Amino acid sequence: MSSSAAVVARAFSPARLTMARELAGLRKRELAALIERTAAAVSQYELGQSRPSASTLARCATALDLPVGFFGMGRPRLRLDTTHAHFRSLRATTAVGRRQALAHVELLWEITDRLDRVIELPPVDLGLPLGIPHGDVVRTARTVRKAWDLGAGPVVHLVRNLEARGIVVTRIPAVDASTIDAFSSALHGRPTIALSDKGNPMRRRFSVAHELGHLLLHPDPAPGSPAHERQANAFAAEFLMPAAEVRPLLPTPVDVPALKEVADGYGVSVAALVYRGKDLGVYGESTVRRTMTTLTALGWRTDEPVGSDHPGEQPALLRSAVELAAEHGLPLPKLADELHIGLPRLRELVGMPNPRPRLRLVH
């Protein structure tokens, strides 16, 4: 039993245990089994009705893969719940999965808050104010394109543009990518768009634009709202595929290779382009159904080949911020130590590669 565990046990923070368990995607009974305690005991720890012993806290740290110092009091903390975030569907995701995703954003807020004290992150400026609903979807998309000085043609660097305007875009590790494409939240003053590894790069680009639509159109999240989802999709479609530009490019009759060429140029999937054609009145329901059948047969609904000029944009704001902070007195190991999250987890959260070489044994 380490002295550090004994010290932290005396300054135990129930909320930190809840956050750590949610980061791991565990239910209370699952954590209880790992630390050889009852689910009722874990509940009492998280409610502050009792405190774990130093040895129990050390077991928690081992089970949850966090330094024992993570469970101590004294750090600012953001608490998000489902009503603070734009989730596509509440039925498609489990409560545990949503909490795990939100806990990662909470931890990212702590990282961002600490970095903001050392370096100046870009101010939030999307060209339209946040916090008020911008009702006209198409006009909002066109206004943002104009404010960003995009001109005609595709949005080449969507994620880079967002990050330059103060939005944190991040890839969330460990979440259930089969049920969560992306979600966003603006509760803490610096909006965050979180992406899973679901889908190909073109689908993720549409997801990012979809979440941008939520941030601008829906200051009060309504997770799973069909109306909000339709509006966010309409925003993303106009933002990435402006009607005036795309309509004349849509092949009639439908020709998949020709569609692929246009879709690649605008950095969207063929399926997204076909649905855009339907919304613009170029393609009818039967045409869309036949085309989707073809795309399914090709395997493109889940794994469309990427042949465009938009090869998987990667978030870079947090990684660049960490590197700049290191030049101004806050090196990565020190930041990890201050946050009590461990260097590997910090690297993962900010999108930095693991520098350790992997041993491979050849038979």
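Preceding block: the structure.
This is a predicted model, so every value here is computed, not measured.

Chemist: Which parts of the structure should I look at to understand the overall build of the protein chain?
Modeler: Counting secondary structure elements, the protein chain contains 18 helices and 3 strands. Its C-alpha atoms give the protein chain a radius of gyration of 23 Å, within 12% of the compact-globule value 21 Å for 363 residues. The dimensions of the protein chain, computed from C-alpha atoms along their principal axes, are 75 × 50 × 40 Å. Looking at the 363 residues of the protein chain, the share that counts as buried comes to 51%. Considering only contacts within the protein chain whose residues lie at least 6 apart along the sequence, 72% involve residues at least 24 apart. Here the protein chain displays about 17,000 Å² of accessible surface, and carbon together with sulfur accounts for 53% of that area. Each charge sign in the protein chain was given a centre, from 45 positive and 37 negative side chains, and these centres are 5 Å apart.

Chemist: So what exactly am I meant to see when it comes to the nonpolar core here?
Modeler: Soluble globular proteins tend to bury their nonpolar side chains together. Among the nonpolar cores identified, the biggest contains 59 residues, and Phe70, Phe71, Ile111, Phe183 and Ile341 are the most heavily contacted of them. The residues touching isoleucine 341, leaving out its near neighbours within four places in the chain, are Leu66, Pro67, Phe70, Leu107, Ile111, Ala336, Leu346 and Leu349. Counting residues in each nonpolar core, the second largest holds 47 residues, with Val159, Leu240, Val288 and Met292 among its members.

Chemist: Help me understand unusual backbone geometry in this model?
Modeler: Negative phi is the rule for most residues except glycine; trans is the rule for most peptide bonds. Here the residue pair threonine 252 and proline 253 is connected by a cis peptide bond, since its omega of -5° sits within 30 degrees of zero. Considering the arrangement of structural elements, one finds proline 253 in the loop between α11 (243-246) and α12 (256-266). At aspartate 65, a residue that is not glycine, the phi angle is positive and equals roughly 60°. One non-glycine residue, histidine 340, lies in positive phi territory at about 55°. On the secondary structure map, histidine 340 appears in the loop between α17 (332-339) and α18 (343-350).

Chemist: Before we go on, may I ask you to explain the side chain of histidine 218 in this structure?
Modeler: Examined against the element boundaries, histidine 218 turns out to sit in the loop between α9 (201-217) and α10 (226-240). Judged by relative accessible area, which is 4%, histidine 218 ranks as buried. Among the polar contacts listed, one links the side chain of histidine 218 to the side chain of glutamine 231, at a separation of 2.6 Å.

Chemist: So what exactly am I meant to see when it comes to the side chain of threonine 192 here?
Modeler: Along the chain, threonine 192 falls in strand β3 (residues 192-195). The buried category is assigned to threonine 192, whose relative accessible area is 6%. If we skip the residues at most four places from it in the chain, threonine 192 touches Val105, Val168, Thr170, Phe183, Ser184 and Ser185.

Chemist: I keep staring at helix α7 (residues 137-147) and nothing clicks. Help me out?
Modeler: An α-helical turn contains 3.6 residues, so any two residues separated by three or four positions project in the same direction. Every buried residue of α7 is listed here: Val137, Thr140, Ala141, Val144 and Arg145. Down the axis, α7 shows its buried residues gathered within 135° of arc, on one side only. Facing away from the buried side of α7 by more than 90 degrees, the exposed set consists of Arg139 and Lys146. The elements touched by buried residues of α7 are α9, α10 and α11. Taking the backbone nitrogen of valine 138 as reference, a side-chain oxygen 3.3 Å away marks aspartate 136 as the first, capping residue of α7. Two residues or fewer past α7, aspartate 149 is found with a positive phi of approximately 55°.

Chemist: When you look at the sheet that holds strand β1 (residues 168-171) in this model, what are you seeing that I'm missing?
Modeler: Adjacent strands of a sheet pair through backbone hydrogen bonds, lying either parallel or antiparallel. Pairing in this open sheet of 3 strands is mixed, and the strands run β1-β3-β2 from one edge to the other. Lying at the two open borders of the sheet, with one neighbouring strand each, are β1 and β2 (182-185). Within the sheet, the average angular offset between the axes of one strand and its neighbour, ignoring direction, is 15°. Where β1 and β3 come together, 4 bridges link them in parallel fashion. Note on β3: the bridge partner recorded for arginine 171 is leucine 195. Lying on the sheet, α9 is in contact with β1, β2 and β3; it crosses β2 at an angle near 25°.

Chemist: Just checking my understanding: could you explain the packing of aromatic side chains for this structure?
Modeler: Geometry of an aromatic ring pair is reported as the spacing of the ring centres plus the angle between the planes. Within this structure, the stated rule accounts for 4 aromatic pairs. Here phenylalanine 87 and phenylalanine 183 contribute two aromatic rings whose centre-to-centre distance is 4.8 Å and whose plane-to-plane angle is 20°, an arrangement assigned as stacked. Linking phenylalanine 87 in the loop between α5 (54-64) and α6 (95-115) with phenylalanine 183 in strand β2, this pair joins segments that are 96 residues apart in sequence. Accessibility expressed as a relative area gives 2% for phenylalanine 87, which makes it buried. On the basis of relative accessible area, phenylalanine 183 is assigned to the buried category, the value being 2%. Measuring from ring centre to ring centre gives 5.4 Å for tryptophan 148 and phenylalanine 239, while their planes differ by 85°; the resulting arrangement is edge-to-face. With tryptophan 148 in the loop between α7 and α8 (158-164) and phenylalanine 239 in helix α10, this pair connects stretches of sequence that are 91 residues apart. Taken together, Trp148, Phe235 and Phe239 form an aromatic cluster joined through their ring pairs. If you follow arginine 16 out to its NZ or CZ, it ends over the ring of phenylalanine 70, 4.4 Å from the centre. Lysine 260 extends its terminal NZ or CZ atom over the ring of tryptophan 300, reaching a point 5.4 Å from the ring centre.

Criteria and thresholds
- Every chain begins its residue count from 1, and numbering advances along the sequence as written.
- Where local features are concerned, this predicted model is filtered to residues with pLDDT of at least 70; where side-chain atom pairs are given and counted, the filter is 80 or more; whole-chain, interface and lining totals use all residues.
- Neither water nor hydrogens contribute to the side-chain values; these are computed over all heavy atoms in the structure.
- Think of it this way: any DSSP run of H or I at least four residues long counts as a helix, any run of E at least two long counts as a strand, and we number them from the N terminus.
- Our radius of gyration looks at C-alpha atoms and nothing else; its globule reference is 2.2 Å times the residue count to the power 0.38.
- Three labels apply to residues, based on accessible area from a 1.4 Å probe with only protein chains included: buried if under 20% of the type maximum, exposed if over 50%, partly exposed otherwise in between.
- Any two residues whose heavy atoms approach within 4.5 Å at even a single point are treated as in contact.
- Note on areas: Shrake-Rupley with a 1.4 Å probe; residue coverage comes only from the protein chains shown.
- By the counting rule applied here, Lys and Arg register as positive and Asp and Glu as negative, while His and the ends of each chain are not counted.
- Each charge is placed at NZ for Lys, CZ for Arg, CG for Asp and CD for Glu.
- We call a set of buried residues a nonpolar core when its members are Ala, Val, Leu, Ile, Met, Phe, Trp, Tyr or Cys and they connect through side-chain atoms within 4.5 Å of each other.
- Whenever a nitrogen or oxygen atom comes within 3.5 Å of another N or O atom, the pair is scored as a polar contact, on the condition that within protein one atom can donate a hydrogen and the other can accept it, and that pairs from neighbouring residues in sequence are kept only if both atoms are in side chains.
- What the arc measures is the spread of directions leading from the helix axis to the C-beta atoms.
- By the convention used here, strands pair only if DSSP detects at least 2 bridges between them.
- Lines fitted to the C-alpha atoms define the axes, with helices restricted to the stretch that makes contact. Angles between their N-to-C directions range from 0 to 180 degrees.
- Pairing of aromatic rings covers Phe, Tyr and the six-membered ring of Trp, with a centre-to-centre limit of 6.5 Å; geometry is then stacked below 30 degrees between planes, edge-to-face above 60, and tilted otherwise.
- By definition here, charges over rings are those cases where NZ of Lys or CZ of Arg is within 6 Å of the ring centre and within 35 degrees of the ring normal.

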